[in-house]
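An overview of the molecular structure
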Amino acid sequence: MRTLEQTTQEVLTLAAQHFNVLIGSLSPADDFFKKLGINSLQALELLTRLENHFGIELPDYEVQGVSDFRTLAERIQSRL
Amino acid sequence: MKSFSGNTLRWEWRDGIFELTLDRAPANEIGRTMLGELEQFVSALHSMAAQTSVCILSSAQPKGFSAGADLRELYHAAAPLPEKERLAGVREFLERIHKVLNTIDATPVVTIAAVHGACFGGGFELALACDLIIADKMARFAFPELRLGLIPGFGGIPRLKRDLGNAFVRDILLTGRSVNAARAQAVGLVSQLAGEGQALQVARSTAAQIAKFDPAARSAAKHFIKPIPHDELRLEIDIFCDLFQRPAVMAALKKFDESTDAMPYLP
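A few points on the structure. All figures in this text were calculated on a predicted structure; none of them were measured in a lab. (Residues numbered from 1 in each chain as written. Chains lettered and ligands numbered in written order. Predicted model: local features only at pLDDT ≥ 70, side-chain atom pairs only at ≥ 80, totals over all residues.)

A few words now on the overall build of chain A. Scanning chain A from N- to C-terminus turns up five helices and zero strands. Going from N to C terminus, chain A has its helices and strands arranged as α-α-α-α-α. Taken over the C-alpha trace, chain A has a radius of gyration of 11 Å; the compact-globule value for 80 residues is 12 Å, and the two agree within 12%. In terms of overall dimensions, chain A has C-alpha extents of about 30 × 25 × 20 Å along its principal axes. Across the 80 residues of chain A, 28% fall into the buried class. A separation of at least 24 residues holds for 57% of the contacts in chain A among residues at least 6 apart in sequence. (Helix = DSSP H or I, 4+ residues; strand = E, 2+ residues; numbered from the N terminus. Rg over C-alpha atoms; globule rule 2.2 N^0.38 Å. Buried ≥ 20, exposed ≤ 12 C-beta atoms within 10 Å, placed from the backbone. Contact = placed C-beta atoms within 7 Å.)

Given below as structure tokens:
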């Protein structure tokens, strides 16, 4: 079972890879919409990437209003 | 080779296989121009059906297969009109798109939707008219219409119910949630999963296999297994139009139109 810290780190790594930014430039408290400069369709791409990686389903309404990596990781953790 | 290139899509016919490519930025929103070009396409598909074994539908837009109906166009066309004319315009659009999708659904040609990225609303309904859906593992499917106070209007509910049953329809319709390609394959919506960017290649490989079969047997098999739910499709148009008359719908479309997000599709 992953810890929340591990999950958060994996979320940051996947986001950095998907949007082609340096992993070191992202931190758990970052607003990913602002930090990555992404729109809602790109956020759904990230959601798909995360679902595929973690082997879970995360309904859109559970991440609606979520904009920082740490909270996103918490939502994922609750489905692992 | 025969081909057509329009403002929102293009198609090619080669050796018995049609390839229709949707190509309207940002995400193949289906408005009046695309509808008109889809009508031209199904006319060509119908007239060349005897020489055609397979038709592949795909998208050249990186964001996905299609984000659905062009809601901004719908809002701007409807907003200045009196209620009666507004409703007549919506009904006319729905009648036309239903005719297009019914033709794709019923053609003896085997149809394959090669899907990547967003496949939402009307785009999802276009894919559902096809016989097979081959999806890139980054594809996502959704019916977000309830957010606007509407139901899907391009035949999505009857076709999804026909193909998968009522429970999954209720799940995605009543929650508005999007599902990923793995889930879509698990419930039987997606026939094959492809790697990222590989859906079209997998569809071509599948088309080559399908093309080997006897056309009469292929056509009979499709006709036998894929009845068109005409009564429910008619009812869907009526329900959509009833809902569309409510002020809440125009308010929701206005909110969508005024969204500061470049693409406010998140269900």
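That covers the picture; the talk isn't over yet.
Okay, unusual backbone geometry next. Trans is the common state for peptide bonds, and a negative phi is the common state for residues other than glycine. Looking along the chain, the bond that leaves A25(B) and enters P26(B) is cis, with omega of 0 degrees. Despite not being glycine, N20(A) shows a phi value in the positive range, around 55 degrees. On the secondary structure map, N20(A) appears in the loop between helix 1 (4-18) and helix 2 (32-36). A tally of 7 C-beta atoms within 10 Å means that N20(A) is categorised as exposed. Despite not being glycine, D15(B) shows a phi value in the positive range, around 50 degrees. Considering the arrangement of structural elements, one finds D15(B) in the loop between strand 2 (9-14) and strand 3 (17-22).

The next point concerns the sheet that holds strand 5 (residues 64-66) of chain B. Sheet strands associate in pairs through backbone hydrogen bonding, adopting either a parallel or an antiparallel arrangement. Residues and elements named next belong to chain B. One open sheet accounts for four strands, arranged 5-7-9-10; its pairing is mixed. The open sheet terminates on both sides in strands that have one partner only, identified here as strand 5 and strand 10 (179-180). Two elements, strand 5 and strand 7 (residues 118-120), share two bridges in a ladder whose sense is parallel. For S66, the partnering residue across the bridge sits in strand 7 and is C119. Running at roughly 90 degrees to strand 7, helix 4 (residues 121-128) makes contact with strand 5, strand 7 and strand 9 (140-142) of the sheet. (Pairing = 2+ DSSP bridges. Axes fitted to C-alpha atoms, helices over the stretch in contact; angles between N-to-C directions.)

Once that is clear, we can look at the environment of F143(B). Residue and element names in this part refer to chain B. Inspection of the secondary structure assignment puts F143 in the loop between strand 9 and helix 5 (156-164). Here the alpha-carbon distance between F143 and T175, two residues 32 residues apart in the chain, equals 8.9 Å. Those residues within four positions of F143 in sequence are excluded, and the remaining contacts are G121, F124, P152, G156, I172, L173 and G176.

Nonpolar side chains in soluble globular proteins tend to end up buried together. Residue and element names in this part refer to chain B. I112, A114, V115, A127 and A135 are the most contacted members of the largest nonpolar core, which totals 87 residues. For this core, the leading source of residues is helix 3 (residues 83-106), giving seven residues. With near-sequence residues (within four places) excluded, A127 lies in contact with F65, A113, V115, C119 and I133. (Core = buried A, V, L, I, M, F, W, Y, C linked by C-beta atoms within 7 Å.)

Residue and element names in this part refer to chain B. Taken in spatial order, the seven strands line up as 1-2-3-4-6-8-11 in an open sheet, and their pairing is mixed. Sheet topology places strand 1 (2-5) and strand 11 (192-194) at the edges, where each strand pairs with a single neighbour. With strand direction ignored, the average angle separating the axes of adjacent strands in the sheet is 15 degrees. Both strand 6 (residues 110-115) and strand 8 (residues 132-136) contribute to a ladder of four bridges, which runs parallel. Among the inter-strand pairings, V115 is bridged to a residue of strand 8, identified as A135.

Another aspect to go through is the pairing of strand 2 of chain B. Residues and elements named next belong to chain B. When strand 1 meets strand 2, the two strands line up antiparallel, connected through four bridges. Bridge pairing links S3 to E12 in strand 2. In sequence, strand 1 turns back onto strand 2 through a hairpin of three residues. Pairing analysis gives six bridges linking strand 2 to strand 3, with the strands arranged antiparallel. Its bridge partner lying in strand 3, E12 is registered against E19.

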